[in-house]
Structure formats: C-alpha cells, structure tokens
Amino acid sequence: MNAIEPPPPRAAEPPLGLILELTHRCPLQCPYCSNPLELARASAELDTAAWCAVMEQGAALGALQVHFTGGEPMARKDLPALVRRAAELGLYSNLITSGVLLDPVSIAVLVEAGIDHIQLSFQDIEAEAGDDVAGLRGAHARKLQAAELIKSSGLPLTLNFVIQRRNAERVPRMLALAEELGAGRIEIAHVQYYGWGLRNRAALLPSRAQLDFTTEVVEAARVRLKGRMVIDYVVPDYYARRPKACMGGWARREMVITPTGKAMPCHAADSLPGFAFASVTDTSLAEIWRADPAFLRFRGTDWMPEPCQSCDRREIDWGGCRCQAFAMTGDPARTDPACALSPDHALMQAVAFERPEIAPPYVYRRIGAAEPAEAPVAAAD
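Cut-off values and rules
- Residues numbered from 1 in each chain as written.
- Predicted model: local features only at pLDDT ≥ 70, side-chain atom pairs only at ≥ 80, totals over all residues.
- Heavy atoms only, no water.
- Helix = DSSP H or I, 4+ residues; strand = E, 2+ residues; numbered from the N terminus.
- Contact = heavy atoms within 4.5 Å.
- Buried < 20%, exposed > 50% of the residue type's maximum accessible area, 1.4 Å probe, protein only.
- Arc of directions from axis to C-beta.
- 1 Å grid on protein atoms, 1.4 Å probe; cavity = no way out; pocket = protein on both sides within 12 Å on 5 of 7 lines; lining within 4 Å.
- Points joined across faces, edges and corners; volume = space filled by probe spheres on them.
- Nonpolar A, V, L, I, M, F, W, Y, C, P; charged D, E, K, R; others polar.
- Pairing = 2+ DSSP bridges.
- Axes fitted to C-alpha atoms, helices over the stretch in contact; angles between N-to-C directions.
- Parallel < 35°, antiparallel > 145°, perpendicular 65-115°, else oblique.
- Phe/Tyr/Trp six-rings, centres within 6.5 Å; stacked < 30°, edge-to-face > 60°.

**Observations regarding the environment of L22**
Looking at the element boundaries, L22 is found in the loop between β1 (17–21) and α1 (48–61). Sequence spacing of L22 and L296 is 274 residues, and the spatial spacing of their C-alpha atoms is 25 Å. Leave out the neighbours within four places in its chain, and L22 touches E45, W51, F68, T69, G70, P73, R76, L79, L82 and P259.

See below:
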C-alpha cells in the first residue's frame, strides 16, 4: 500500500505590502534598531533598476503597498525615482523616516513624485533624551521641523514614538504633542527585542509598572480622541500571556527585502539558523512568495507543535514570533515563549524578573559596535 502523500500547502494569498529596506545607512545610531548587528555597506545595496524591478514584480503579484524604510531611506539619492515608480504602478507608498534629512526642497520633490504617506519617528519627547538615544545632537529639533513640513505639504502625518524604560513616564506628553501637531495617527510602540534591541535589552526593557502605566494612558487617550486620532499600541512580549501575530503571521501578509536583495518574511528572519533566503537578484518575487522553502517553513498552521496545534488561537496569533522563539530557546520551531501555555514561558518571565535596577549604557547602532558607549557622538549640521 502506497504511503499517503500530505496535501500540498494552500496557495498563498498575495502579499499586502512590500517592506523595502533601501539601505542600512542612517545618521542615527538608535540602540533598538531592528536592523541586524551586521550592517550592509552602501556598496552592496541594490541599485535603482533592481528596486524598480522588485516593485514591478510585487505589483504583478498583487501587492498593494510599498513601505520605504532602512536605515534611513532618505539617504538614498534615488528615493524620489523609486517613489515615482511606485506611483506609476499604483502602489500606495509609505515613507518611514527619522526626518533629520527632510527639508523644504526634499519634501516638495517627494510630493511631486507621488508619495502617499510619511511616518515620522521620535525617540523621545524631550530633546536631550531623544538626541541621546539617536546618538545625534540636534536630531529632536529636526524632527519637529520635519513634522511641520509634512503637515504643511498636505500629506497625512503619523508619529511613531518608541517606548522604553527611560521614557515610559512621558507617554502623556507624547500624545499631547501628536494632538498639537495635528497627527492623524500615532504609534506608541514599546521596543521589540530583535537586532540591536535584543543586544540592548537590559538597557531598554521597562518594568511591569511602567508597562501598566503606558497601557492605562493609551486606553484613556483612545477613548478621549476617538474619531480624531488613531492610536496604535505595541507592547513588549516579556510581560505577555499570549503572543502577538508577528508580521500578521510568517509569510502571510508582507515581504521584507534587505538592502542587498535578500527576501525574508520579517525583519529579523536572517537571525535564524539553517535558512537560505533567496535573493531578488536571481529569483522572482512570485517564486519566492509561492514556493521558497524558507517562506513555506512556518506559513499557516501545519508546522505548529503542541500546544499551538490544538489551540483555538492558532489562526489569530499564527504561532507568535519565530525569531523570538529562537532567541529564547535556540529553536525557531518551538512555541513562542511569550505564550503562557508555552513550556518555555518561564524563560521569558525570568528575563523580566532579572531586569537590572539600573539601566546599563547603550550599545549604539554602528558598524562594528560591540561595547556600550556614552552620549551622542555627532552633531547635526
């Protein structure tokens, strides 16, 4: 009797969005950056034609959005050309930027090219604290100027505030600034512990009391500002009882393309051992999305171990985060330790319990950085 062959995996729905990490270059040195510890140099980046080909293939595949990010995407001189090509293809374009390179000329060029939306990131509400995180003096002042430029251009404005142990108490002031600037959306996002964030976890992880405070403030603001401002809230997993649906599920909604052309299901997937992620320079986006073993590995629910396999939330959280499972247990196929039902949940609880009382210095995001450093090291021109 012939063995019964398992059914082929269901055809993937088209990706909703393409996340294009145009470059790892950035004027800032944020210690929670999601970029890998090994940063790609400018000489290894895809050129304009290659990025345009990625967008063309993505549009043909059915993608609707393109997110230009980095690093700092405005470090690419061809950004307006890429925005223009996205507009020609009918892709909704979103620029995720620190804002420190934005000026009246550059925003006018981007608007003319067809940019649809800009997300502006802030490290803090206080200038000195924000500049300290960014590793760049004058960064906060430039961000405020960028916010005014975005609003005056007529583009919708989203502000992203990154929350950690040194600024959690200032969330009410962050929300007040968003109101003052007339932002349509604000993201209050606790640091996610991948890349440089994982390297700096002890310096960044808030206490449970800080998390509870920010949650209370955000929930009250959502009620007060309903209909006027959308508030997205992202919490750290270290105090969670259930995992989040990381990236909407592995290879279900988005594709990340690194500066060198590697296609991945999420920003941190390159940290996983045993994966060979295909490059857009020699494999089509459609082939990668539909058939690449790395994309199929954790797509859907068939791969899940117990207790995930029999959990009624398996198509809600899609098993949580594979990179977090690897970072905590050494095995990306294990149940996300953020889940209280995970046999490894105690590992995550231990990290929170062992959080140091005094935050150690940051390890700044720099090529070759390994040791903690003090204070900003550069000044904005």
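**With respect to the side chain of T258**
The topology assignment puts T258 in the loop between β9 (254–257) and β10 (263–264). Excluding residues that lie within four positions of it along the chain, T258 makes contacts with E21, W51 and M264.

**Overview of helix α13 (residues 345–353)**
Every buried residue of α13 is accounted for by H345, M348, V351 and A352. The buried residues of α13 occupy an angular sector of 125° when projected down its axis, which confines them to one face. Tucked into the core, α13 has its buried residues touching α8 (201–204) and α12 (322–329).

**Quick word on empty space enclosed by the protein**
According to the stated counting rule, one finds 2 cavities of 30 Å³ or more in the structure shown. The wall of the largest cavity is formed by 14 residues, among which C308, C311, D317, T335 and C339 lie closest to the centre. Each residue belonging to the lining of the largest cavity can be placed in one class, and the counts come to 7 nonpolar, 2 polar and 5 charged. Computed from the structure, the second largest cavity encloses a volume of approximately 50 Å³. Tallied by class, the residues present in the lining of the second largest cavity amount to 7 nonpolar, 2 polar and 1 charged.

**A short note on unusual backbone geometry**
Across the junction of G70 and G71, the peptide omega takes the value 10°, indicating a cis bond. The omega torsion across E306 and P307 is 10°, close enough to zero to call that bond cis. Take P307: it is sitting in the loop between α11 (293–296) and α12. The phi dihedral of M247 is positive, around 60°, even though this residue is not glycine. Within the element layout of this structure, M247 appears in the loop between β8 (230–234) and β9. In this model, W318 sits at a positive phi of 50°, which is unusual for a non-glycine residue. One can find W318 in the loop between α11 and α12. Using a relative accessible area of 10% as the deciding quantity, one classes W318 as buried.

**Here's the deal with the sheet that holds β10**
The mixed open sheet is built from 9 strands, whose spatial order is β8-β7-β6-β4-β3-β2-β1-β9-β10. Whereas interior strands pair on both sides, the edge strands pair on one side only; in this sheet they are β8 and β10. In this structure, strand β6 (residues 157–163) lies alongside strand β7 (residues 185–190), joined through 6 bridges in parallel fashion. Across the sheet, residue V162 finds its bridge partner in β7, namely A189. In this fold α1 packs onto β1, β2 (65–69) and β9, with an angle of close to 170° to the strand it touches most, β1. On the sheet, helix α5 (residues 139–152) packs against β4 (117–122) and β6 and is oriented at approximately 160° with respect to β4.

**Points about the packing of α12 against α13**
At their nearest, the axes of α12 and α13 sit 10 Å apart, and the two run at 75° to each other. One element, α12, and the other, α13, form an angle in the roughly perpendicular class. Note on element contacts: α13 touches α12 through L347, M348 and V351, opposite Q324, M328 and T329. Looking at the contact of α12 with α13 residue by residue, the classes come out as 4 nonpolar, 2 polar and no charged.

**Here we look at the packing of aromatic side chains**
In total, this model carries 9 aromatic pairs according to the counting rule given. Here the aromatic rings of F298 and W303 are separated by 5.0 Å at their centres, their planes lie at 75°, and the arrangement is edge-to-face. An identical accessibility class is assigned to F298 and W303; each is buried. Note on Y362 and Y364: the rings are 5.8 Å apart at their centroids and 75° apart in plane angle, and the pair reads as edge-to-face.

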